[in-house]
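Residue-level structure breakdown
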Protein chains: 2
Amino acid sequence: MAGDVIGVGMIGLGTVGSGVAELLRDQGDLYAQRTGKRIELRRVLVRDVEKAKASGLVDPAIVTDDQEQIISAKDIDVVIEVAGGVEPIDSLMQFALEHGKHVVTANKSLLAAKGPELFAVARDHGVSIAFEASCGGGIPCVTAMTTGLMANRIDALFGILNGTCNYILTEMTGSGKTYAQALAEAQEAGFAEADPALDVSGQDAAQKLAILASLAFGVRITGDDVHAIGVDGLDLEDITLGDEMGYDIKLLAIAERWPGSKWVNIGVQPCFIKKDELLAQVAGPYNALSVHGHAAGHTLYYGQGAGQLPTASAVVSDLLGIVSGSASAAFSNMRLTPDLTQPAHILDRRDTESAYYLRMQTLDVPGVMAEVTSILGDKGISLSQVLQHESKAGEVVSLVVTTHLTRLGDVEDAAEEIAGLEPIQGEPVIIRVIEMPA
Amino acid sequence: MAGDVIGVGMIGLGTVGSGVAELLRDQGDLYAQRTGKRIELRRVLVRDVEKAKASGLVDPAIVTDDQEQIISAKDIDVVIEVAGGVEPIDSLMQFALEHGKHVVTANKSLLAAKGPELFAVARDHGVSIAFEASCGGGIPCVTAMTTGLMANRIDALFGILNGTCNYILTEMTGSGKTYAQALAEAQEAGFAEADPALDVSGQDAAQKLAILASLAFGVRITGDDVHAIGVDGLDLEDITLGDEMGYDIKLLAIAERWPGSKWVNIGVQPCFIKKDELLAQVAGPYNALSVHGHAAGHTLYYGQGAGQLPTASAVVSDLLGIVSGSASAAFSNMRLTPDLTQPAHILDRRDTESAYYLRMQTLDVPGVMAEVTSILGDKGISLSQVLQHESKAGEVVSLVVTTHLTRLGDVEDAAEEIAGLEPIQGEPVIIRVIEMPA
């Protein structure tokens, strides 16, 4: 990037924006030493100018509510977008790109919804979009996918991509709290929003997974392509029973290339993993991404997936990558982004195969086990474990089976049939059991 | 990089070189799709041409023992160096750089010894040196340091950087094998060389740490600056006693910025860490690097630190980064490499502070505990745990203490005094106990 001083305009001055402003203010000398250039935050676009001026976070003279002062101003080289939301940010981004500004964004919703269009505009105007902060907060996992693992055909991603959900599950597992109790605690500790829907539904993780899987597999995947089951329907009893069988529960964002085919399986759901897996050790609000490459094998990236300074770290690292030219070269010359790739062939989730955990509530009457296992057997589902605690005849008891590798559609069909049996109460619970690749 | 076809020359066709050849042969289409360019392996320089031709690993027509066909040939754009060793490779690298070839190297010894000189030559000739494969095998930890974490002042690195040592320690811990038994097993399993000295002495990890810490702290550190204690002197008894106290043992490569000063503490040594730390979960031949940045906080990178395809993954990813221009831009425009930085201020290890584990062998006679604790007390060393198993009077017994934060020099002086006590047998064992940053 030419010139000794780089002009930056920022859209938004919320949590992440304040962190970015803090880094640029406090570490200016370090960044100048590393890049040989001074980086100047020249304008901050906000809705409420007076509030931002009074905040003390940035020089009041650079606060504006006039978007033109950022997206078309001659002295702005890079636009940092940390406002969030899809509209009207998408038009602002498009204008900025059309005016030759590089863009750094933390906005996963925007990329999941409008990524291909925006990437194409950037390419047409010889500028780049950097988006490390959109996935995994302070963990440089996008960079790993676009540079350090480039030599690999990526076969699978297994991610813990939502800190709120992981905090809730860690609490449920460790302290035997119910979902409602753990959520309330997470809200109190600042790890969950007042309206936690986007997080606990798995939608947030789904958007991040769409971005990461697009890069990993070189195909176009949107947030809507990712089937998401959240943690909000989880029953403490399943966590307790899974624990007895040697499993921890994690909300996993999974993208798998179906071996030897063009098909991709992609989804977010609570899964059981063996307690000694590294992903099982990721506790509290931390995130991690396991990547399985055909050459590097299993690599894992761990850190804080959200929070002011970790996310600001990703934003500013992207900015420095644009200043040095490395991020822009990767963007311009590598054909990874979904404006250049074809829509993915998403496998129907009923046709995916995995091991499963199946819990039924049943009246403890003679013959029920025979009926259940016969339904499973008829679908060709073979069992690896069966667990039923001692009970008194006539009581309702949990009956758990785990399966070997099985087609999900068959498990769902069997569960529906089982639900119709006289002694069975309610719908069986189905949870995927992950066998991590070697 | 200009042109639609990139010519590559490779020096060496050993384990890693064969892996690189395999990737370039099998994934040529994938790489062309990603970079828009064909990558052609045009020459391989070996000592024994006939053997290489007969190997079937590469087209016999491209095998040569004439170095000029690589380092000065017009049709070679990038030289991959996977031969290893310092001489005569350093002169070959210098010639190649002077002839305008970019260099990708996996050679940590070369960089630890001659890095600053070679980086300067590259810079003078407008080309770059990429060296992801020199540290951490398939784990893109160099890239994390030079791109994804750029916004951070890095405060500390804690690395498991040698798979041989980690395999040995995992075996000693899990199965109660002695060092000699575990080493023999590692050799049988292919995780240790016939001559394991470079690995088990900690020298290999020290060279990698010198490279990573130079980048992290922006100072010049050579392998010689890194004090190394290996796993070869470890006694199974200390592992067993540490286990009782809640610790796992790991050979840790540690670089710490001394808070608020210019001083750096850097060294490799077996350390105790709490069993629930993520680094404690890194088992067998795997490697991991924990990085503590002032903004990103704790991030960790995990994967296979050695092996044919993981290391080749790093080499070829670097190559693709040079082809796309991203690696070259980072090299040219970021001032990170030790040709541009000043020598580090290395703290005298006796002046570093940590908690320590101290084991003494003592005759179980009255008064010995009082004498030992009085020596420690006189040095201002306060204790956090004391462990002594039941014994019969007059027997030799292990007496273990762990300290709070203490200056190493004081611990060493106390240990020397303790060794002089009548009932004490031999020298006390001192092992650092790590309290990971929050």
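Please read all numbers here as calculations on a predicted model, not as lab measurements.

About the cut-offs
- Residues numbered from 1 in each chain as written.
- Chains lettered and ligands numbered in written order.
- Predicted model: local features only at pLDDT ≥ 70, side-chain atom pairs only at ≥ 80, totals over all residues.
- Heavy atoms only, no water.
- Helix = DSSP H or I, 4+ residues; strand = E, 2+ residues; numbered from the N terminus.
- Expected span 1.5 Å × (residues − 1).
- Buried < 20%, exposed > 50% of the residue type's maximum accessible area, 1.4 Å probe, protein only.
- Contact = heavy atoms within 4.5 Å.
- Pairing = 2+ DSSP bridges.
- Phe/Tyr/Trp six-rings, centres within 6.5 Å; stacked < 30°, edge-to-face > 60°.
- Salt bridge = Lys/Arg side-chain N within 4 Å of Asp/Glu carboxyl O.
- Least-squares fit on C-alpha atoms with pLDDT ≥ 70 in both.
- Buried area = accessible area lost by both parts, 1.4 Å probe.
- Polar contact = N/O pair within 3.5 Å; in protein donor to acceptor, adjacent residues only side chain to side chain.
- Nonpolar A, V, L, I, M, F, W, Y, C, P; charged D, E, K, R; others polar.

Our next topic: helix H16 (residues 408-419) of chain A. In an α-helix there are 3.6 residues to a turn, and that puts residues three or four apart on one side. Residues and elements named next belong to chain A. Taking 1.5 Å of rise per residue, 12 residues should cover 16 Å, and H16 covers 16 Å from first to last C-alpha, within 8% of that figure. Among all positions of H16, only Leu-408, Gly-409, Val-411, Ala-414, Ala-415 and Ile-418 are buried. As for H16, its buried residues are in contact with strand E14 (353-363), helix H15 (368-378), strand E17 (406-407) and strand E18 (424-433).

On to the sheet that holds strand E2 (residues 38-45) of chain A, then. Residue and element names in this part refer to chain A. With parallel pairing, 6 strands are arranged side by side in an open sheet as E3-E2-E1-E4-E5-E6. If you trace the sheet from one side to the other, it starts and ends with strand E3 (63-64) and strand E6 (129-130), each paired once. Examined bridge by bridge, strand E1 (residues 5-11) and E2 share 7 bridges and lie parallel to one another. Along E2, the bridge assignment pairs Ile-6 with Ile-39.

All names here are of chain B. A full pass over the atoms with the stated rule returns 13 aromatic pairs over all chains. Seen in terms of ring centroids, Phe-119 and Phe-131 are 5.4 Å apart; in terms of plane orientation they differ by 55°. Their pairing is tilted. One end of the pair, Phe-119, is in helix H6 (residues 108-124); the other, Phe-131, is in the loop between strand E6 (129-130) and helix H7 (141-148), and 12 residues separate them in sequence. When its relative accessible area of 7% is taken as the criterion, Phe-131 is described as buried. With 5.8 Å between their ring centres and 45° between their planes, Phe-119 and Phe-331 make a pair best called tilted.

On to the pattern of salt bridges. All names here are of chain A. Tallying each qualifying case throughout the model produces 50 salt bridges over all chains. Among the ionic pairs, Glu-435 bridges to Lys-274, the shortest N-O distance being 3.2 Å. A residue pair is termed long-range when its members are at least 10 positions apart, and Glu-435 in the segment after E18 and Lys-274 in strand E10 (residues 263-274) qualify at 161 residues. A residue is classified by how much of its surface remains accessible, and Lys-274, at 33% relative accessible area, is partly exposed. Linking Glu-412 and Arg-349 is a salt bridge whose minimum nitrogen-to-oxygen distance equals 3.4 Å. Of this pair, Glu-412 sits in helix H16 while Arg-349 sits in the loop between strand E13 (345-346) and E14, placing them 63 residues apart in sequence. A residue is classified by how much of its surface remains accessible, and Arg-349, at 27% relative accessible area, is partly exposed.

Of the transformation superimposing chain A on chain B, the axial component is 0.0 Å and the angular component is 180°, with the fit at an RMSD of 0.0 Å. Those values place the two copies in the arrangement expected of a two-fold rotation axis. Relative to the rotation axis, the C-alpha of Ser-326 of chain A is the closest in chain A, positioned 2.0 Å from it.

On to the side chain of Asn-265 of chain B. Along the chain, the position of Asn-265 of chain B falls in strand E10 (residues 263-274). Excluding its chain neighbours within four sequence positions, the residues that come into contact with Asn-265 of chain B are Ile-254, Ala-255, Glu-256, Trp-258, Leu-347, Thr-352 and Arg-432 of chain B.

With that settled, the discussion passes to the pairing of strand E12 (residues 297-304) of chain B. By the criterion of burial, E12 of chain B is predominantly enclosed, with 7 of the 8 residues buried. As paired elements, strand E12 (residues 297-304) of chain A and E12 of chain B share 3 bridges and run antiparallel to each other. Each residue of the ladder has a partner; that of Tyr-302 of chain A, found in E12 of chain B, is Leu-300 of chain B. Strand direction decides the pairing type here: strand E11 (residues 286-293) of chain B and E12 of chain B, joined by 8 bridges, are antiparallel.

Residues and elements named next belong to chain B. Ordered in space as E3-E2-E1-E4-E5-E6, the 6 strands form an open sheet in which the pairing is parallel. Bordering the open sheet on either side are strand E3 (63-64) and E6, each of which pairs with just one other strand. Bridge count between strand E2 (residues 38-45) and E3: 2 bridges; the pairing is parallel. Bridged to Val-44 within E3 is Val-63.

Right, let's get into the interface of chain A and chain B. Interfaces are frequently sized by the accessible area removed from exposure as the parts join. Every contact between the two is made by 50 residues of chain A and, on the other side, 50 residues of chain B. Both faces combined, the contact of chain A with chain B buries some 4,300 Å², and carbon together with sulfur accounts for 57% of it. If you sort the residues of chain A by the area they bury against chain B, Arg-34, Ala-151 and Tyr-302 of chain A come out on top, with a joint share of 16%. At the surface where chain A touches chain B, the tally comes to 0 salt bridges. Run the count over chain A and chain B and you get 22 residue pairs in polar contact (both at pLDDT 80 or more). Of all the elements in the fold, those that place two or more residues in the side of chain A that touches chain B are helix H2 (28-35), helix H7 (141-148), E12, helix H13 (308-324) and helix H14 (326-333) of chain A. In terms of residue count, the dominant contributor to the side of chain A that touches chain B is E12 of chain A (8 residues). Tallied by class, residues from the side of chain A that touches chain B come to 25 nonpolar, 22 polar and 3 charged.

Residue and element names in this part refer to chain A. Examined against the element boundaries, Arg-38 turns out to sit in strand E2. A relative accessible area of 40% means that Arg-38 is categorised as partly exposed. Taking the C-alpha atoms as reference points, Arg-38 and Val-401, separated by 363 residues in sequence, lie 62 Å from one another. Apart from the residues lying within four places of it in its own chain, the contact partners of Arg-38 are Asp-4, Val-5, Ile-6, Gly-28, Asp-29 and Ala-32. Within polar-contact distance, the side chain of Arg-38 engages the side chain of Asp-29 at 3.2 Å.

Bear in mind that shape data such as this cannot, by itself, settle questions of function.
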